[in-house]
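Now for the letters of each chain:
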Amino acid sequence: MIELTRKLTEAWGPSGYEHHVRQLIQEEVAELADEMQVDPLGNLICKVGKGDTRIMIAAHMDEIGLMATYVEPKSGYLRFANIGGLLHTSLLGNRVRFEDGTIGVIGVHDAFGVSRTSVPELDSFYIDVSDGANGSVQPGSPGAFAYTMEVRGTRLVGKAMDDRIGCVVAIETMRKLKKKAKNEVYFVFTVQEEVGLRGARPAAYNVNPDVAIALDVTATGDEIKNDKMAVKLGGGAAIKLHDPGLVVPPAVRDWMIERAEKDGIAYQRELLTKGTTDASGIQMARAGVPSGCISIPCRFIHTTSETVDTRDVQACIDLLTGLVKNPAKL
Ligand code: ZN
Ligand code: CO
């Protein structure tokens, strides 16, 4: 699980440019799925098992990033726009990688002056690609944070845990299933979640599931001065009850909680007050899809050091495996 997480989090794939990540996942799951297809937007859909209930599992392949918008004529510095929810507090000094491998460093106007005590707008930031870019980085070039993953005890620290760790949960679940599930399960690795759940919706239309589960990171209440929240790192799989885009139907909630209790899996109830997941897009596909979410608790979301706990990741894998392996009656 650790080496797979390293491989996937270090891969490059801002929203709309998930092809490298998809390639890596396709190689991992080729032997684990009965059928595999890539849809017109780039979602990877993998079918496993047989049964009366059709279950869609969604984990997004994309990560937040940026796109070069303008080259300053004299200096050559790049201005950029965000792809997804870039945090301005996470930018200065960070490295970004463009698709051709060019590494850029993010600077800010007046770093030791006004930018030291207040958070600047995005147009105060710029990227230095001097003396190395071979000219292929230009307005329209997408970039993503460039960082390696680190292991600290049970903790994994890296960029793009959101949501490559969800992809890891899906892949490891497929590995445990060995193609045996008493439901028709569709593992969908989605595109463009960070820019508005744009991949999951059409994928749900295509799959037409009876019930759906998104796998994504969630915030924790154990950071200083965060919103009050009962979820903590190392506390087990987080079973979502509510977020600003989704009210989990009681039948879906109970299905998950009963499974966790039966299988003796550590879990916690999640109420998230900021953000949402692919599940909120899927629930509104076609005539409506009852949807829930198994969340991986994560500190420092949308930074280069998103931090998860391997015990929580394992709990999510075990819970998901139990849910899709046994006949789901909802
Ligand atoms: Zn996410
Ligand atoms: Co995100």
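Everything below is about the structure shown above.
Residues numbered from 1 in each chain as written. Chains lettered and ligands numbered in written order. Predicted model: local features only at pLDDT ≥ 70, side-chain atom pairs only at ≥ 80, totals over all residues. Heavy atoms only, no water.

## Considering the coordination of the cobalt ion (ligand 2)
Thinking step 1. Looking at the cobalt ion (ligand 2), one finds its protein donor set to be Asp-162 (OD), Glu-194 (OE), Glu-194 (OE) and His-302 (NE2), positioned 1.9 to 2.6 Å from the metal centre.
Thinking step 2. Bound by four donor atoms, the cobalt ion (ligand 2) shows angles of 55 to 141° at the metal and therefore irregular coordination geometry.
Thinking step 3. Written as a sequence motif, the donor arrangement for the cobalt ion (ligand 2) is D-x31-E-x107-H.
Thinking step 4. Between the cobalt ion (ligand 2) and the zinc ion (ligand 1) the interatomic distance comes to 3.5 Å, and Asp-162 is a ligand of both metals. Here Asp-162 is found in helix α4 (residues 161-177), whereas its partner Glu-194 is found in the loop between β12 (184-190) and α5 (200-207), with 32 residues between them in sequence. Glu-194 carries the same exposure label as Asp-162, and that label is buried. (Donors = N, O, S within 2.8 Å, 3.2 Å for Na, K, Ca; no water. Tetrahedral: all angles 85-135°; square planar, octahedral: opposite > 155°, others 65-115°. Helix = DSSP H or I, 4+ residues; strand = E, 2+ residues; numbered from the N terminus. Buried < 20%, exposed > 50% of the residue type's maximum accessible area, 1.4 Å probe, protein only.)

## Observations concerning the layout of surface pockets
Thinking step 1. Taken as a whole, the largest pocket encloses approximately 650 Å³ of empty space.
Thinking step 2. In terms of residue count, strand β13 (residues 211-218) provides more of the lining of the largest pocket than any other element does, three residues in total.
Thinking step 3. Here the lining of the largest pocket is composed, by residue class, of eleven nonpolar, twelve polar and nine charged.
Thinking step 4. Approximately 160 Å³ is the volume found for the second largest pocket.
Thinking step 5. Elements with a minimum of two residues in the lining of the second largest pocket: α6 (250-263) and α8 (310-325).
Thinking step 6. Top contributing element to the lining of the second largest pocket by residue count: α6, with five residues. (1 Å grid on protein atoms, 1.4 Å probe; cavity = no way out; pocket = protein on both sides within 12 Å on 5 of 7 lines; lining within 4 Å. Points joined across faces, edges and corners; volume = space filled by probe spheres on them. Nonpolar A, V, L, I, M, F, W, Y, C, P; charged D, E, K, R; others polar.)

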